[in-house]
Amino acid sequence: MATIKLEIVSPDKMVYTNDISMLIVRSTGGELGILPHHAPLVTGLVPHAMRVRLGAGADRDEQLIAVAGGFMEVTPEKITVLATAAEKPIDIDINRAKEAMARAKARIAAFHQGTPESENIDIERAEFALRRSIARLRATGTSYDE
Ligand code: ATP
């Protein structure tokens with residue numbers, strides 16, 4: 001079975017490395033599936049739960065990794081993800097992600113209500129924080145309100 005090496009690196013550590021059969025990511029240009037021998041590519045990544053496929057057929061397995069953003073470089077032999085932050089599900093603090101989601105949602109709601117305090121809200125920052133929290137909750141299979 002053909003495999004491709006995957007390395008996911010965050011600023012402080014190597015988060016994940018393995019020989020995988022496919023990686024499904026959300027890039028700034030949309031969803032991409034990367035198979036072994038993919039053409040060279042560099043793209044930005046948005047916050048999401050990456051899907052790492054291992055093996056094939058009956059032995060196929062899928063793992064999720066939360067990524068907060070960053071870049072992905074693909075060569076025919078290797079995928080390198082340089083993430084601003086990335087976590088395996090086991091390393092995700094679900095309550096922290098839920099609290100981050102609640103804070104982001106409250107800021108977004110205040111911004112749209114146009115309260116006097118909302119003038120200081122950076123809406124883009126709040127929306128990215130919401131998307132990071134969603135990525136972490138999805139990677140852990142935790143349900144949340146849209
Ligand atoms: P928070 O507001 O809770 O810090 P955030 O989305 O702003 O969330 P990031 O800036 O994406 O956090 O990440 C900062 C650091 O904290 C990174 O090292 C990241 O891996 C870690 N981190 C953030 N949220 C979680 C979480 N829920 N569980 C585990 N680690 C987390």
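What counts as what
Residues numbered from 1 in each chain as written. Predicted model: local features only at pLDDT ≥ 70, side-chain atom pairs only at ≥ 80, totals over all residues. Heavy atoms only, no water. Helix = DSSP H or I, 4+ residues; strand = E, 2+ residues; numbered from the N terminus. Buried < 20%, exposed > 50% of the residue type's maximum accessible area, 1.4 Å probe, protein only. Domains from an automatic or database assignment. Contact = heavy atoms within 4.5 Å. Buried area = accessible area lost by both parts, 1.4 Å probe. Salt bridge = Lys/Arg side-chain N within 4 Å of Asp/Glu carboxyl O. Near = heavy atom within 4 Å. Polar contact = N/O pair within 3.5 Å; in protein donor to acceptor, adjacent residues only side chain to side chain. Areas by Shrake-Rupley, 256 points an atom, 1.4 Å probe, with all protein chains shown as cover. Nonpolar A, V, L, I, M, F, W, Y, C, P; charged D, E, K, R; others polar. Phe/Tyr/Trp six-rings, centres within 6.5 Å; stacked < 30°, edge-to-face > 60°. Lys NZ or Arg CZ within 6 Å of the ring centre and 35° of its normal.

A.B. asks: Can you tell me about the environment of Gly141, naming the residues and giving the values?
C.D. replies: Here Gly141 shows up in the segment after helix H2 (123-139). Accessibility expressed as a relative area gives 68% for Gly141, which makes it exposed.

A.B. asks: Lay out the domain arrangement of the chain with the relevant residues and their values.
C.D. replies: Structurally, the chain comprises domain 1 (4-87) and domain 2 (92-140). Computed from C-alpha atoms alone, the centre-to-centre distance between domain 1 and domain 2 is 25 Å. Facing twelve residues of domain 1, the contacting portion of domain 2 comprises eight residues. Across the interface of domain 1 and domain 2, roughly 750 Å² is buried in total on both sides, 66% from carbon and sulfur atoms. The interface formed by domain 1 and domain 2 holds one salt bridge in total. Here Arg136 ties to Glu87 by a salt bridge, and the two come within 2.8 Å at their closest N and O atoms. Elements supplying a minimum of two residues to the side of domain 1 that touches domain 2: strand S6 (48-54) and strand S7 (61-67). A per-element tally of the side of domain 1 that touches domain 2 places S7 first, with four residues.

A.B. asks: I'd love a proper account of the site of the ligand, names of residues and values included.
C.D. replies: Around the ligand, the surrounding shell consists of Ala68, Ala85, Glu87, Asp91, Ile92, Asp93, Arg96, Ala97, Ala100, Arg103, Arg132 and Arg136. Between the ligand and Glu87 there is a distance of 2.5 Å, counted from an oxygen atom to a side-chain nitrogen or oxygen. The side chain of Arg136 places a nitrogen or oxygen atom 2.8 Å from an oxygen atom of the ligand. When the free accessible area of the ligand is taken as 590 Å², the share hidden by the protein chains comes to 66%. By residue number, the principal contributor to the shell around the ligand is helix H1 (residues 94-113), which donates four residues. Partitioned by chemical class, the residues of the shell around the ligand number five nonpolar, no polar and seven charged. Inspection of the shell around the ligand shows a minimum of three residues originating in each of domain 1 (4-87) and domain 2 (92-140).

A.B. asks: An account of the packing of aromatic side chains is needed here, citing residue identities and associated values.
C.D. replies: According to the stated counting rule, one finds zero aromatic pairs in the structure shown. Against the face of Phe128 rests Arg131, its NZ or CZ located 4.9 Å from the ring centre.

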